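Reading the structure
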Amino acid sequence: AGIAVAVLFSNVIAQVEDGAVLSADDDILIVAKAGSAPVPFAPDRNEMNRGIEGSLDQDAGSITSLTIRAVSITGGGALVGVSVAVASVALNSTVIARLSGDVLKADDLKVQAIISYPGVLATTLTVAGGGVGVGASIALVVTNSQSESAIAGNASISGANTVQVQSDLTVTALTAATAIG
């Protein structure tokens, strides 16, 4: 049996409290961000990567765009060969960007809460052989994310040329489960 589990928690808060006074000749940015970025595979060190690339039926370069990976590969054989694999990714994010203070002067005022987890992968492969071969594969990705951006409370904006309040949440996931037996 093989199990691969990735559990990620992030709580990010960017906040200007009530009573604070901001003034700038240029932009004022209040940004809270959680996410992941692609990490390239090292194929010379890990033969399994080439097998994953082929099993996902993607071009060779696209596997390197994955940001979080849970991979489980198992095999079993005997008179009765049993093989079980589970891969699971759980993402839990809360991201808050909030302005409660005052802005006296700014070119652009931006309040942004961004969650970005592109290319999340959970994949399994089981191979079972023998007189009787039994294989079971389970792959899953679960997300629970909240992003909030706000100008709140007693905030006062008197001198900004533009004001932008943005919340963005992006999660792209791929699961693949294969059992041979």
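In short, a report on the structure. Everything numeric here is computed off the predicted structure, so don't read it as measured data.

With that settled, consider the pattern of salt bridges. Scanning all chains against the criterion turns up two salt bridges. Among the ionic pairs, Arg-98 bridges to Glu-148, the shortest N-O distance being 2.9 Å. A residue pair is termed long-range when its members are at least 10 positions apart, and Arg-98 in strand S4 (residues 68-99) and Glu-148 in strand S5 (residues 102-151) qualify at 50 residues. Glu-148 sits in the partly exposed class, given a relative accessible area of 33%.

Turning to the environment of Ala-136, a few remarks are in order. By the element assignment, Ala-136 lies in strand S5. Given a relative accessible area of 34%, Ala-136 falls into the partly exposed group. Separated by 51 residues in sequence, Ala-136 and Ala-85 have C-alpha atoms that sit 6.4 Å apart. When sequence neighbours within four positions are dropped, the list of residues in contact with Ala-136 reads Ser-83, Val-84, Ala-85, Thr-126 and Ala-179.

Topologically, Thr-123 is positioned in strand S5. Exposure remark for Thr-123: the relative accessible area of 6% places this residue in the buried category. Placed 52 residues apart in sequence, Thr-123 and Thr-175 show a C-alpha to C-alpha distance of 5.5 Å. Apart from the residues lying within four places of it in its own chain, the contact partners of Thr-123 are Ala-70, Val-71, Ser-72, Ala-87, Ala-139 and Ala-176. Separated by 3.1 Å, the side chain of Thr-123 and the backbone oxygen of Ala-176 make a polar contact.

Ranked by internal contacts, the top residues of the largest apolar core, which has 26 residues, are Ile-30, Ile-68, Val-89, Leu-99 and Tyr-117. Looking at this core, the elements that each hand over two or more residues are strand S1 (2-16), strand S3 (28-35), S4 and S5. Sorting elements by how many residues they give to this core places S5 first, with ten residues. Excluding residues within four positions of it along the chain, Leu-99 makes contact with Val-16, Leu-22, Ile-30, Leu-109, Val-111, Ala-150, Ile-151, Ala-152, Ala-155 and Ile-157.

Let us look at the pairing of S3. Only one face of S3 is covered, namely the face carrying Ile-28, Ile-30, Ala-32 and Ala-34; the face carrying Leu-29, Val-31, Lys-33 and Gly-35 is uncovered. Pairing geometry for S3 and S5, over eight bridges, is parallel. Along S5, the bridge assignment pairs Ala-32 with Ala-113.

A few words on the pairing of S5. The pairing of strand S2 (residues 21-23) with S5 spans three bridges and is parallel. Residue pairing for S5: Leu-22 is matched across the bridge by Val-103. Note that S4 and S5 share 31 bridges and pair parallel. Opposite Val-80, over in S5, you have Val-132 as the bridge partner. Pairing analysis gives two bridges linking S5 to strand S6 (residues 156-157), with the strands arranged parallel. Each bridged residue has a counterpart across the sheet, and for Val-103 the counterpart in S6 is Ile-157.

Turning to a nonpolar patch on the surface, a few remarks are in order. A surface patch of nonpolar side chains, about 530 Å² in accessible area, is lined by Leu-79, Val-80, Val-82, Val-84, Val-132 and Val-134. The set of elements that each furnish at least two residues to the nonpolar patch consists of S4 and S5. With four residues, S4 is the single largest residue contributor to the nonpolar patch. Mapped onto the elements, Val-134 comes out in strand S5. Given a relative accessible area of 41%, Val-134 falls into the partly exposed group.

Conventions adopted
Residues numbered from 1 in each chain as written. Predicted model: local features only at pLDDT ≥ 70, side-chain atom pairs only at ≥ 80, totals over all residues. Heavy atoms only, no water. Salt bridge = Lys/Arg side-chain N within 4 Å of Asp/Glu carboxyl O. Helix = DSSP H or I, 4+ residues; strand = E, 2+ residues; numbered from the N terminus. Buried < 20%, exposed > 50% of the residue type's maximum accessible area, 1.4 Å probe, protein only. Contact = heavy atoms within 4.5 Å. Polar contact = N/O pair within 3.5 Å; in protein donor to acceptor, adjacent residues only side chain to side chain. Core = buried A, V, L, I, M, F, W, Y, C linked by side-chain atoms within 4.5 Å. Pairing = 2+ DSSP bridges. Patch = residues over 30% accessible without salt bridge, like charges linked within 9 Å, V, L, I, M, F, W, Y side chains within 5 Å. Areas by Shrake-Rupley, 256 points an atom, 1.4 Å probe, with all protein chains shown as cover.

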